[in-house]
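Chain residues, written in single-letter form:
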Amino acid sequence: MKPRVRFAPSPTGYLHIGGARTALFNWLYARHTGGTFILRIEDTDAARNSQEAVDVILNGLRWLGLDWDEGPLTGDATGAGKGNCGPYFQSQRKENYQRRVEALLSRGLAYEHEGAVKFKMQREPITIHDLVVGDVVRKLTDREEADPDFVILRSDGQPVFHLVNVIDDLEMDVTHVIRGEDHLSNTAKHIALFQAFGVKPPHYAHIPLILNGDGTKMSKRDTGASLTAYTEGGFLPEAVVNYLCLLGWSPKDNREKMSRDEVVERFDLPQILRHNARFDYEKLLWLQGEYARELGDDRFYELAVHAFAKAGVNTNAFPLPYVKAALDTCKGKFKLFSELPAYAGFYFTDKIEYDVEAAKKDFVPENKPRLEKLRDAFAAAPAFNAGALEIALKETAKALGVKAGVLVHPCRLAVTGKTSGPSLYHLLEVLGKEKVMQRIEKALAGFGG
RNA sequence: GACCCUAUGGUCUAGCGGUUAGGACACCACCCUUUCACGGUGGGAGCCCGGGUUCGAUUCCCGGUAGGGUCGCCA
């Protein structure tokens, strides 16, 4: 039988980066083995459920490219789903839980207590055969020693996580439970429940947790804990996916940058590490740069235009060839799309604000005649393109007896307001003679010397 | 408090009874260069501690320490 795995998030309004990785590992295992990836929404806590919260999860998985073979089609709990084991929202599966609880009750494996129903948990240690961690003998804690039984049905009739999780895995024929290590201790309860239902528990694979960069545990409030920090932060999904693959899993051959297909081919449970990993933002950023540099033109333009729009800059107000030419000078020079508006905003506005420190350094009296000479050389250039402008600048520098940089810096500052950016000659060409002249003139007027 | 998991440079990791302990990110220096980025070259930096086992432990065992997790009518 082909493996059937599932990602079973609770709709809390956000998708934790660790949850995203759990989903990814499940997806990878399913794709690697030709198995089935199921998405199940564990919305038993009616108080904090909403379609919006479910959509956050669905959209997050879609952004990452983790398509599910079975599961909801939309965030509507009562809506349609795909697969033969639905519904895939626990809120729609109440009868199953009720029926199972009654079966347990009738067989004396559970009992009523203060209006709730408690499961009769065994007192002997339970051995968990974990595919990642190995055999784990889970003994009772002192609290459990006092009362090993646990509630499976609340006094208000609502089933509890341990119960529904097991019943659904059982009824959905889940063969491998790949989840965070925070569930390892709970697994004893789950195994006991499976046994009470008379079936063999699935295989378990508990994956280590993701910690903050400083080694502390990652909680909801930590920056970077939510997937939206990356979706909204200008990251590429392929970079995030690649990075997540490397956190807690290793191809064992020093490969770092790998395509999704490559990982699918090589991913397997035994190579999952047993220890927690710290989230290394810098390394993610490196991968982001790698993927950003090799983006295809169409996708690059689309993402770039979107990034500008988000920053309030409507690039559509400019001629398409101009926008494309402008963006071409930026490709491979920045990593995060969220950086782009600041990096190349000068193409789309005439209000140039000079970097204060740089202005103090470059807009000094002795540079005024130099910049004037450069302006004249540009004006006299045979053509206003990168090649001709470079020659004009270098010859001017030579005539003035200074290095090219002496002219380059004030010129860049005058035209873009910044000290770094795209290739100067190319950005001048894209901007065009008129704008360049205007900006140099304006800068000259502000020298005040 | 009890129970469980874990421990290789700053970070992610490879390795493993005998290695000059390998790679990547980050960092430093230099080169390239109109800036930034890219690319090149070189460099600093590591087996948590203590006991065993062994001719020999980073590697196996035990203990400690540290970090993480679990003990809910949360999921």
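Residues numbered from 1 in each chain as written. Chains lettered and ligands numbered in written order. Predicted model: local features only at pLDDT ≥ 70, side-chain atom pairs only at ≥ 80, totals over all residues. Heavy atoms only, no water.

Caption draft 1: Representation of the overall build of chain A within the structure. For chain A, the helix and strand inventory stands at 19 helices and 13 strands. Scaling as 2.2 N^0.38, a compact globule of 449 residues should have a C-alpha radius of gyration of about 22 Å, whereas chain A reaches 30 Å, well beyond that. Within chain A, the proportion of its 449 residues that are buried is 51%. Here the analysis covers contacts within chain A between residues at least 6 apart in sequence; of these, 73% occur between residues at least 24 apart. Across chain A, 58 positive and 60 negative side-chain charges occur, with their mean positions spaced 3 Å apart. (Helix = DSSP H or I, 4+ residues; strand = E, 2+ residues; numbered from the N terminus. Rg over C-alpha atoms; globule rule 2.2 N^0.38 Å. Buried < 20%, exposed > 50% of the residue type's maximum accessible area, 1.4 Å probe, protein only. Contact = heavy atoms within 4.5 Å. Lys, Arg positive; Asp, Glu negative; His and termini not counted. Charge placed at Lys NZ, Arg CZ, Asp CG, Glu CD.)

Caption draft 2: Examining the nonpolar core more closely. Ranked by internal contacts, the top residues of the largest apolar core, which has 110 residues, are Phe-279, Tyr-347 and Phe-378. Residues contacting Phe-279, with those up to four places away along its chain left out, are Ile-17, Ile-210, Leu-211, Asn-212, Gly-213, Met-218, Tyr-230, Tyr-243, Leu-244, Leu-247 and Leu-284. Counting 33 residues, the second-largest nonpolar core is a separate cluster that includes Leu-104, Val-136, Leu-184 and Ala-196. (Core = buried A, V, L, I, M, F, W, Y, C linked by side-chain atoms within 4.5 Å.)

Caption draft 3: Up close: the pairing of strand β6 (residues 116-119). Of the two faces of β6, both are covered, the one formed by Ala-116 and Lys-118 as well as the one formed by Val-117 and Phe-119. Relative to β6, strand β5 (residues 110-113) runs antiparallel, the two sharing four bridges. Residue pairing across strands places Tyr-111 opposite Lys-118, the latter belonging to β6. Between β5 and β6, which pair antiparallel and follow one another directly, the connecting turn spans two residues, one of which, Glu-114, has a positive phi of 55°. (Pairing = 2+ DSSP bridges.)

Caption draft 4: Seen up close, the protein's contact with RNA strand B. In the neighbourhood of RNA strand B, 62 residues make up the surrounding shell, with Arg-154, Lys-252, Asn-254, Lys-333 and Gly-421 lying closest. Considering the 4 Å shell around the protein, atoms of RNA strand B inside it are sugar or phosphate in 71% of instances. Between RNA strand B and the protein, one listed contact pairs a sugar or linking oxygen with a backbone N or O atom of Lys-139 at 3.3 Å. Measuring from a phosphate oxygen of RNA strand B, one finds a side-chain N or O atom of Lys-252 at 2.6 Å. Breaking the surface near RNA strand B down by element, the ones donating at least two residues are β8 (134-138), α4 (142-146), α5 (161-171), β13 (277-278), α10 (281-293), α17 (404-416) and α18 (424-431). (Near = heavy atom within 4 Å. Polar contact = N/O pair within 3.5 Å; in protein donor to acceptor, adjacent residues only side chain to side chain.)

Caption draft 5: Structural view of the packing of aromatic side chains. Applying the stated rule across the entire model yields 22 aromatic pairs. Where Phe-25 meets Phe-267, the ring centres are 5.2 Å apart and the plane angle is 55°; that geometry is what we call tilted. Placement of the pair is Phe-25 in helix α1 (residues 17-33) and Phe-267 in the loop between α9 (260-266) and β13, with a sequence separation of 242 residues. Both residues of the pair, Phe-25 and Phe-267, belong to the buried class. (Phe/Tyr/Trp six-rings, centres within 6.5 Å; stacked < 30°, edge-to-face > 60°.)

Caption draft 6: Region of interest: the environment of Leu-39. Its place among the elements puts Leu-39 in strand β2 (residues 36-39). Residues Leu-39 and Lys-82, 43 residues apart in the sequence, show an inter-C-alpha distance of 10.0 Å. If near-sequence neighbours (up to four positions away) are discounted, Leu-39 is found in contact with Phe-7, Pro-9, Leu-58, Leu-61, Trp-68, Glu-70, Gly-71, Pro-72 and Tyr-88.

Caption draft 7: Looking closely at unusual backbone geometry. Omega for the bond connecting Gly-86 with Pro-87 falls within 30 degrees of zero, at -5°, which places this linkage in the cis form. Its identity as a non-glycine residue notwithstanding, Lys-252 has a phi of 70°, on the positive side. The exposed category is assigned to Lys-252, whose relative accessible area is 56%. Despite not being glycine, Asn-254 shows a phi value in the positive range, around 70°. Summarising the element assignment, Asn-254 is placed in the loop between α8 (237-246) and α9.

Caption draft 8: Structural view of the pattern of salt bridges. Applying the stated criterion across every chain, the model contains 27 salt bridges. Between Glu-171 and Arg-93 there is a salt bridge, with its nearest N and O atoms 3.2 Å apart. Of this pair, Glu-171 sits in helix α5 while Arg-93 sits in the loop between β4 (81-82) and α3 (94-106); the two residues are 78 residues apart in sequence, bridging distant segments of the chain. An identical accessibility class is assigned to Glu-171 and Arg-93; each is buried. Shared partners join several salt bridges into a network, and the residues in it are Arg-6, Arg-40, Glu-42, Arg-93, Arg-99, Arg-100, Asp-168, Asp-169 and Glu-171. (Salt bridge = Lys/Arg side-chain N within 4 Å of Asp/Glu carboxyl O.)

Caption draft 9: Representation of the sheet that holds β5. Read from one edge of the open sheet, three strands run β5-β6-β9, paired in antiparallel fashion. Only two strands of the sheet have a single neighbouring strand rather than two, namely β5 and β9 (150-153). Neighbour to neighbour, the strand axes of the sheet diverge by 45° on average, direction disregarded. (Axes fitted to C-alpha atoms, helices over the stretch in contact; angles between N-to-C directions.)

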